[in-house]
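Residue strings, one per chain:
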Amino acid sequence: MIYCLSIVLDLTAFHSVFRWKLNGTAITPKSVSHYSLSGGNLRISHLDKDQDAGTYQCLAFNSFGTIVSREASLTFAYMENFKTHRRSSVSVREGQGVVLLCGPPSHSGDLTFSWIFNEYPSFVKQDTRRFISQETGNLYIAKVEPSDVGNYTCVVTNTVTKTRVQGPPTPLVLRSDGIMGEYEPKIEVQFPEIVHVAKGSTVKVECFALGNPVPSINWRRMDGIPFSRKVDVRKASGVLEIPYFQQEDAGTYECVAENSRGRNTVKGKLSFYAPPHLIEKPQDVQKPIDDSLVWECKATGKPKPSYRWMKNGENLDMSLSLFIGKAIQAVAPDFSQSQLRSHTMVKEGGDVLMECRPKMSPWGGISWRKGSETLQESNRVSILDNGNLRIQNATKPDAGLYTCVARNQFGVASSSGTLMVKEPTIITTPPSTLDVTVGESIVLPCQVTHDPSLELKFTWFFNEQLIHFGDHGGYFEKVGGQHSAGDIMIRNIQLRHAGKYTCAVQTKVDSISIAADLVVRGPPGPPTSIHVEEISDTTASLSWRPGPDNHSPVTTYTIQARTPFSLGWQAVTTVPEMVGGRRLTATVIDLSPWVEYEFRVLASNAIGTGEPSKPSKQARTKETSPKVTPANVSGGGGSRSELVITWEPVPEELQNGGGFGYVVAFRPYGATGWMQAAVPSSEASKYVFKNDSIQPFSPFQVKVGVYNNEGEGPFGPVITIYSAEEEPGRAPTRIRAKSLSASEIEVSWKALPWNTSKRRVLGYEVSQKREKEEAASVQRTVGNQTSAIIRGVRGSNTYYVTVRAYNTAGAGLPSVTVNVTTKKPPPSQPPAKVMWNTLNSKIILNWEQVKALENESEVTGYKVLYKRNRHSRPSVMETNTTSVELSLPMDEEYFIQIKPFGEGGEGSSSRQITIPRIPGPNAIGSATKVSTLSALSTIALSFTARTSL
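The protein chain carries the name Contactin 4 in an unreviewed UniProt entry, which gives Oncorhynchus tshawytscha as its organism. Taken verbatim from the UniProt record of the protein chain, the Subunit (unreviewed entry) comment is "Interacts with PTPRG." In the Sequence similarities (unreviewed entry) part of its UniProt record, the protein chain is described as follows: "Belongs to the immunoglobulin superfamily. Contactin family."

Below, the structure written as structure tokens:
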């Protein structure tokens, strides 16, 4: 509904009186205690939802007439609490869909919905499987999983009052009678058949389906028109959102829910409506007395608007037009409300309109002056019927002071304004087409001449879209340093930067623009539609379609392949060997039979190689008989009367077909016929032939072949291996054992002949254990070695030692057992009271003699370890005294450590001693220190015995 009013009054200036209506009934503030008027404002205290809700309208009137305001609706937002009774459990099978109802309480005002899972603040997150309708508040789970079991609570928020209430929890439990099978989508959330949408508003429609597997949700227009960029299709939440709805957005939309079991659709129409908009409305007019008046009132809108006229707040019986037979008004010319603009600017050569709109009734005469002279009309200068002055093709002499003079029978009035003529803005940069290569940088010029008194504003557009400098990844930068230059630079140009660039220049009097086309050359785009047309056991014929050449012709194509066995994509051999840029087919050769291949194509031009195409569908080459035999065929070992043959399995990609296996052929060395055995397993790597007639360590000739479903392949080369041998039949003799220290024993024996009656000796096993120990420790030697050192034994302990020869069949007979007692452990006490003093370039070390305990070996000497830094290996010197004298290089720091030793080995070390740097040769004095610090050292030293042990 449109109100067409003929006049607007400043009500406060004419002592207006105000009154209000509620739902069309006048409000009397004196009779309603909580209503009061303050000026024209209506104040309502202690609002009551039932009594005060409705439509309000203000009326203002004075001696000139009455006007009415627009209608205003007063509504009350509220929300009650949920009913507190408990909700029953919802029981479903795993894989089944489910809907949990919210059932919001009584309310007024828009609501939003969310759901709590088990306890706050764990909210249900929407995804392709879970959806919360903002229309009903219900929670939809497309396919229930075990992790969904729990309590669900609907949370409702009133967007006006910001209050929030929670419903009672709904338990979701799984049934124990099986899992739901797959089924096609069932659309549970669907939008109405017709949705009326206001112009410029945002519309959201919902669609969600239950199903197993979880359905995908897609949207489309039934007329096939693609969505514009403003449309937000949130597939994860099943919502189609169209902001700023326009006429072109109206139409029928379809929601498609689809999974592997089928698809379902739902359609709905979005209908456009627009509020009424006046396109022709009454204007204030002044008419002579007794003249007639017609006012037109026209509006657009959908649906078609209706009209009504009001005079002084009362309805008139009129529709589109208002006719007034006789008008009565008398006003002398008055410019107080419509002065001429004080300054009007126009560019040289442009057109300008200077408005003259005095208030007078009846309408009189209008004349113009320039300066003090009456303005004469010409082919460029004209005074319009409404009094306005038009000047066409303005020139510099047209500048000056202009005065409009209005006259009628009641008086004369005038108003003046200055016209300024400015130089036009001209872009001096000619239009152009620029050609660049990806990765380069370029300056787009935009230089102008202009009136120096006017400020310039440069604006750039790319493909009709405004360029926001600072965005676009920093590619665009303003570089026009001069006031009259708006140049921009595009850095590191990419293919997406190709297009039309427009520089628009604007001043207060004119605007002008110029466009340049930017062609970006780069490597070709990826080829498309890669198809395997034909495939054999070792070849594949491919076809493809070219991608964009990006303004540089394609010169060659490269084909790559990938298999489950390759390390990424690999270049392949083709026929022709060089695939030219005009070819869209090629044959790949030298492929492996019975292997799944994917192919892709890359295009190259003079600039470089582009991105690869999407891979083709997987295609398996055909089967053929195998060509590759096993590698590293060998054998030997095993048990008595066995011939053990081993090999490395042939990789799957070289098996050439299904049903792959091995053929093992063997014969005694020198025989003519072959014995064969099939091993029907592609992963097998061993075959054992057992026969009592096989002599130990007998030579056999062996070869291994291959076969598959397509037939037999070749045999590998013939090699010689030996059958299983017997354990050595004799025991070593002359066993000797000697304690080297508290932790080491040396064992020696007499070697056995290497080959006696097919019983080889590959080495010896030395075992030792203490009395009452059940398990012995064993170490092996290799070859004809006749001694071994056993380390890690304990001091002052008796060990029992045996030696046996061994070969691939195992260990032979044990030798006689010998025993040996290890030496006493070395001294456990470290050297104490280590003292040092320096004199000139020498250092003297002294320490207290270490005394061995009763169960320890006697001290026979000391080892002095020294080094120059903490990380180097120490040097070692031995002495049988408790004092050494060292000659030290000057200006070095040293670390020293001392440890005793005896026949039981090395004892505990002293703590580290740090010798600081000794001053140069001219220094005088000495230093003495008793060290209890730990230290290691490195020095070049000499020593003199001071005290004998």
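Asks: Could you clarify how one ought to interpret the overall build of the protein chain in this entry?
Replies: Across its full length, the protein chain carries 1 helix and 88 strands. Rg of the C-alpha trace for the protein chain: 53 Å, well past the compact-globule value of 30 Å for 949 residues, more than 25% over. Summarising its shape, the C-alpha atoms of the protein chain cover approximately 155 × 95 × 75 Å along the three principal directions. Taken over 949 residues, the protein chain has a buried fraction of 40%. Within the protein chain, counting contacts between residues at least 6 apart in sequence, those at least 24 apart form 65% of the total. With the model as given, the accessible surface of the protein chain reaches about 52200 Å², and the carbon-plus-sulfur share is 49%.

Asks: Which parts of the structure should I look at to understand the UniProt feature "domain: Ig-like" (unreviewed entry) in the protein chain?
Replies: As annotated by UniProt and renumbered to match this structure, "domain: Ig-like" (unreviewed entry) occupies residues 1-75, 80-166, 185-271, 276-420 and 424-513. Between the C-alpha atoms that bound residues 80-166 the distance is 11 Å, and the span itself is 0% helix and 40% strand.

Asks: Looking at this structure, how should I read the environment of threonine 502?
Replies: Structurally, threonine 502 is set in strand E51 (residues 499-506). Here threonine 502 falls in the buried class, since its relative accessible area comes to 13%. The spacing of threonine 502 and lysine 457 is 45 residues in sequence and 14 Å in space, taken between C-alpha atoms. The residues contacting threonine 502, other than those within four sequence positions of it, are Thr459, Trp460, Phe461, Ser513, Ile514 and Ala515.

Asks: Is there a simple way to explain the UniProt feature "domain: Fibronectin type-III" (unreviewed entry) in the protein chain in this structure?
Replies: UniProt records the feature "domain: Fibronectin type-III" (unreviewed entry) for residues 526-624, 629-726, 731-825 and 826-921 in the present numbering. Segment residues 526-624 splits into 0% helix and 47% strand. End C-alpha atoms: 34 Å apart.

Asks: Even after reading the chapter, I still don't get the sheet that holds strand E66 (residues 686-690), so can you show me in this structure?
Replies: Within a beta sheet, neighbouring strands are joined by backbone hydrogen bonds and run either parallel or antiparallel to one another. Read from one edge of the open sheet, 3 strands run E62-E63-E66, paired in antiparallel fashion. Taken across any chain shown, the strands that pair with only one partner, and hence form the sheet edges, are strand E62 (631-635) and E66. Sheet twist, expressed as the mean angle between neighbouring strand axes with direction ignored, is 15°. In terms of strand pairing, E62 meets strand E63 (residues 642-648) through 3 bridges, oriented antiparallel. Counterpart to glycine 635 in the pairing with E63 is isoleucine 645.

Asks: It is not clear to me how the pattern of salt bridges should be interpreted in this structure. Could you clarify?
Replies: Scanning all chains against the criterion turns up 30 salt bridges. The residue aspartate 223 makes a salt bridge to arginine 221 at a minimum N-O spacing of 2.9 Å. With a closest N to O distance of 3.2 Å, arginine 791 and glutamate 744 form a salt bridge. One end of the pair, arginine 791, is in strand E76 (residues 787-791); the other, glutamate 744, is in strand E71 (residues 744-750), and 47 residues separate them in sequence. Through salt bridges with shared partners, one network takes in Arg93, Arg175 and Asp177.

Asks: How should the sheet that holds E76 be read in this particular structure?
Replies: Across the sheet, which stays open at both edges, the 3 strands sit in the order E70-E71-E76 with antiparallel pairing between neighbours. Each end of this open sheet is capped by a strand with a single partner; those strands are strand E70 (733-739) and E76. Averaged over all neighbouring strand pairs, the angle between strand axes comes to 20°, with direction disregarded. Sheet topology places E71 next to E76; 5 bridges connect them, and they run antiparallel.

Asks: Can you help me understand the packing of aromatic side chains in this one?
Replies: One pair of aromatic rings is described through two measures. These are the centre distance and the angle between the planes. Under the defined criterion, the tally for this structure stands at 18 aromatic pairs. Aromatic side chains phenylalanine 666 and phenylalanine 689 sit 4.8 Å apart centroid to centroid with 45° between the ring planes, which places their arrangement in the tilted category. With phenylalanine 666 in strand E64 (residues 661-668) and phenylalanine 689 in strand E66, the pair connects residues that are 23 residues apart, well separated along the chain. Considered together, phenylalanine 666 and phenylalanine 689 belong to a single accessibility category, that of buried residues. With a centroid separation of 4.4 Å and an interplanar angle of 15°, the aromatic rings of phenylalanine 697 and tyrosine 722 are classed as stacked.

Asks: Is there a simple way to explain the side chain of threonine 66 in this structure?
Replies: Take threonine 66: it is sitting in strand E7 (residues 65-68). Ignoring any residue separated from it by four or fewer positions in sequence, one finds threonine 66 in contact with Ala60, Phe61, Asn312 and Gly313.

Asks: Is there a simple way to explain the nonpolar core in this structure?
Replies: A general tendency of soluble globular proteins is for nonpolar side chains to be buried together. Grouped together as the largest cluster of nonpolar side chains are 23 residues, with contacts concentrated most on Trp460, Ile490, Tyr501, Val505 and Leu518. If you list the elements that add at least two residues to this core, you get strand E44 (432-437), strand E45 (442-444), strand E47 (457-462), strand E50 (488-490), E51 and strand E52 (511-521). Not counting chain neighbours up to four residues away, the residues in contact with valine 505 comprise Thr425, Ile427, Cys446, Val448, Leu456, Lys457, Phe458, Asp510, Ser511 and Ile512. Counting 21 residues, the second-largest nonpolar core is a separate cluster that includes Ile187, Val203, Cys207 and Val266.

Asks: Before we go on, may I ask you to explain the environment of valine 778 in this structure?
Replies: One can find valine 778 in strand E75 (residues 777-780). Excluding residues that lie within four positions of it along the chain, valine 778 makes contacts with Glu765, Val766 and Ser767.

Asks: Any chance you could explain the state of the cysteines here in plain terms?
Replies: For the coordinates displayed, the defined rule picks out 4 disulfides. The disulfide partner of cysteine 356 is cysteine 404, and the gap between their sulfur atoms is 1.8 Å. Every disulfide takes its handedness from the sign of the S-S torsion; for cysteine 356 and cysteine 404 that torsion is -70°, giving left-handed. Linking cysteine 356 in the loop between strand E35 (352-354) and strand E36 (359-361) with cysteine 404 in strand E41 (residues 400-408), this pair joins segments that are 48 residues apart in sequence. Taken as a pair, cysteine 356 and cysteine 404 share a single burial class, namely buried. Across a sulfur-sulfur distance of 2.0 Å, cysteine 446 and cysteine 503 are joined as a disulfide pair. Disulfide cysteine 446 to cysteine 503: torsion about the S-S bond roughly -80°, handedness left-handed. Residue cysteine 446 is located in the loop between E45 and strand E46 (448-449), and its partner cysteine 503 is located in strand E51; the two are separated by 57 residues in the primary sequence. For cysteine 503, a relative accessible area of 0% puts it in the buried group.

Asks: Teacher, can you tell me more about the environment of alanine 332 here?
Replies: Within the element layout of this structure, alanine 332 appears in strand E33 (residues 331-334). Here alanine 332 falls in the partly exposed class, since its relative accessible area comes to 31%. In this structure, the C-alpha to C-alpha distance between alanine 332 and arginine 407, residues 75 residues apart in sequence, is 7.9 Å.

Asks: What is the right way to read unusual backbone geometry from this model?
Replies: Negative phi is the rule for most residues except glycine; trans is the rule for most peptide bonds. Cis geometry marks the peptide bond from asparagine 212 to proline 213; its omega dihedral reads 5°. Checked against the element boundaries, proline 213 lands in the loop between strand E22 (208-212) and strand E23 (216-221). The phi angle at serine 529 is positive, at roughly 55°, despite the residue not being glycine. Its location among the elements puts serine 529 in strand E53 (residues 528-535). Positive phi, close to 55°, is recorded for tryptophan 594, a residue that is not glycine.

Asks: Looking at this model, I keep getting lost on the pairing of E64. Mind explaining?
Replies: Here is the key point about a regular strand: its side chains alternate between the two faces of the sheet. Taken across its 8 residues, E64 has 7 buried, putting it largely inside the fold. Of the strand pairs in this sheet, E64 and strand E65 (residues 675-679) are connected by 5 bridges, and their pairing is antiparallel. Across the sheet, residue phenylalanine 666 finds its bridge partner in E65, namely methionine 675. Hairpin connection between E64 and E65: a loop of 6 residues separates the two successive antiparallel strands, and glycine 670 in this loop has a positive phi of roughly 95°.

Asks: I keep staring at a positive patch on the surface and nothing clicks. Help me out?
Replies: On the surface, a cluster of positive charge is made up of Arg730, Arg734, Arg736 and Lys750. Relative to the helices and strands, lysine 750 resides in strand E71. Under the relative-accessibility criterion, lysine 750 is labelled partly exposed at 41%.

Asks: Sorry if this is basic, but what is going on with the confidence of the model for the protein chain here?
Replies: Any residue range with low pLDDT should be treated as having predicted coordinates unsuitable for detailed reading. Here the protein chain shows a mean pLDDT of 87. Residues at 70 or above account for 91%. Overall, residues 1-14 carries pLDDT values under 50, and its contacts beyond four positions in sequence, including any with other chains, amount to 30 contacts. Under a pLDDT of 50 for its full length, residues 922-949 has, in the predicted model, 96 contacts with residues more than four places off or in other chains.

Thresholds, definitions, all that
Residues numbered from 1 in each chain as written. Predicted model: local features only at pLDDT ≥ 70, side-chain atom pairs only at ≥ 80, totals over all residues. Heavy atoms only, no water. UniProt positions renumbered as here; feature names shortened; annotations may be inferred. Helix = DSSP H or I, 4+ residues; strand = E, 2+ residues; numbered from the N terminus. Rg over C-alpha atoms; globule rule 2.2 N^0.38 Å. Buried < 20%, exposed > 50% of the residue type's maximum accessible area, 1.4 Å probe, protein only. Contact = heavy atoms within 4.5 Å. Areas by Shrake-Rupley, 256 points an atom, 1.4 Å probe, with all protein chains shown as cover. Pairing = 2+ DSSP bridges. Axes fitted to C-alpha atoms, helices over the stretch in contact; angles between N-to-C directions. Salt bridge = Lys/Arg side-chain N within 4 Å of Asp/Glu carboxyl O. Phe/Tyr/Trp six-rings, centres within 6.5 Å; stacked < 30°, edge-to-face > 60°. Core = buried A, V, L, I, M, F, W, Y, C linked by side-chain atoms within 4.5 Å. Disulfide = S-S within 2.5 Å. Patch = residues over 30% accessible without salt bridge, like charges linked within 9 Å, V, L, I, M, F, W, Y side chains within 5 Å. Lys, Arg positive; Asp, Glu negative; His and termini not counted. Charge placed at Lys NZ, Arg CZ, Asp CG, Glu CD. pLDDT = per-residue confidence, 0-100.

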